[in-house]
Structure formats: structure tokens, C-alpha cells
Amino acid sequence: PGSNADIVGTAKVGDVLRACSAMVPEMKYGQGGLLLGGNGRPGFRRVLYMVPNGEEYRADGVSFDQTLGAVVSNARAGDFDATLVF
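Keep in mind that what you see is a predicted model, and the values were worked out from it rather than measured.

Draft legend 1. How the structure looks around the sheet that holds strand 2 (residues 41–50). Ordered by their spatial adjacency, 3 strands build an open sheet running 2-1-3, and the pairing between neighbours is antiparallel. Strands with a single pairing partner mark the edges of an open sheet, and in this sheet they are strand 2 and strand 3 (84–85). Summarising the sheet, strand 1 (residues 19–28) and strand 2 pair through 10 bridges and their orientation is antiparallel. Its bridge partner being in strand 2, Glu26 is matched across the sheet by Gly43.

Set out below in C-alpha cells:
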């Protein structure tokens, strides 16, 4: 709220994505779950994905597809909004 994107209403061509929210799968355990034989259930945890730039972007394993995957991962966990930082 109160940011330039909020005032303008949209992202524009030329805006640079710096970070976005991403959902990471993880197992969630109840209290004492591991001691009683494991009653875990799959779930998701929201994390901040920092978009690499410059030389970091060209490193092995870091690409546009990985950044796009982080943005799209928000939809896997249900009806969550993706948070984008420009």
C-alpha cells in the first residue's frame, strides 16, 4: 500500500522484478508426531525468492525458468496471491 505500483495500478514494461513470494513444499507434524510414529501431512511454506541479477543470473542452475517457477508456485498451494517486488 502506498507504493508506486499501487499508485499507478500496474507493472509497466521496463520494471525490474527484484523478489517474489514462492511456496515451498514441506511436511508438517503435530505435537509429538515424530515420537509417535510420524503423523505428518504435506503442506506448503511461503518464502521470499530473491531474483538473481547480473553475474548471479548467468550462474549454473539459475535462469528465467527458475524465477518463473517461483512465481507460479504460489498457485500450487491454493488460492494465494503472489507478492511481487519491483
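Draft legend 2. Broad picture of helix 2 (residues 64–76). For helix 2, with 13 residues, the first-to-last C-alpha span of 19 Å sits near the 18 Å given by 1.5 Å per residue. Buried within helix 2 we find Thr67, Ala70, Ser73 and Asn74. Taken together, the buried residues of helix 2 touch strand 1 and strand 2.

Draft legend 3. Main features of the nonpolar core. In this structure, Cys20, Ala22, Tyr49, Val51 and Ala70 together form the largest nonpolar core, which totals 5 residues. Residues within four places of Ala70 in sequence aside, it is in contact with Cys20, Ser21, Ala22 and Tyr49.

Thresholds, definitions, all that
- Residues numbered from 1 in each chain as written.
- Predicted model: local features only at pLDDT ≥ 70, side-chain atom pairs only at ≥ 80, totals over all residues.
- Heavy atoms only, no water.
- Pairing = 2+ DSSP bridges.
- Helix = DSSP H or I, 4+ residues; strand = E, 2+ residues; numbered from the N terminus.
- Expected span 1.5 Å × (residues − 1).
- Buried < 20%, exposed > 50% of the residue type's maximum accessible area, 1.4 Å probe, protein only.
- Contact = heavy atoms within 4.5 Å.
- Core = buried A, V, L, I, M, F, W, Y, C linked by side-chain atoms within 4.5 Å.

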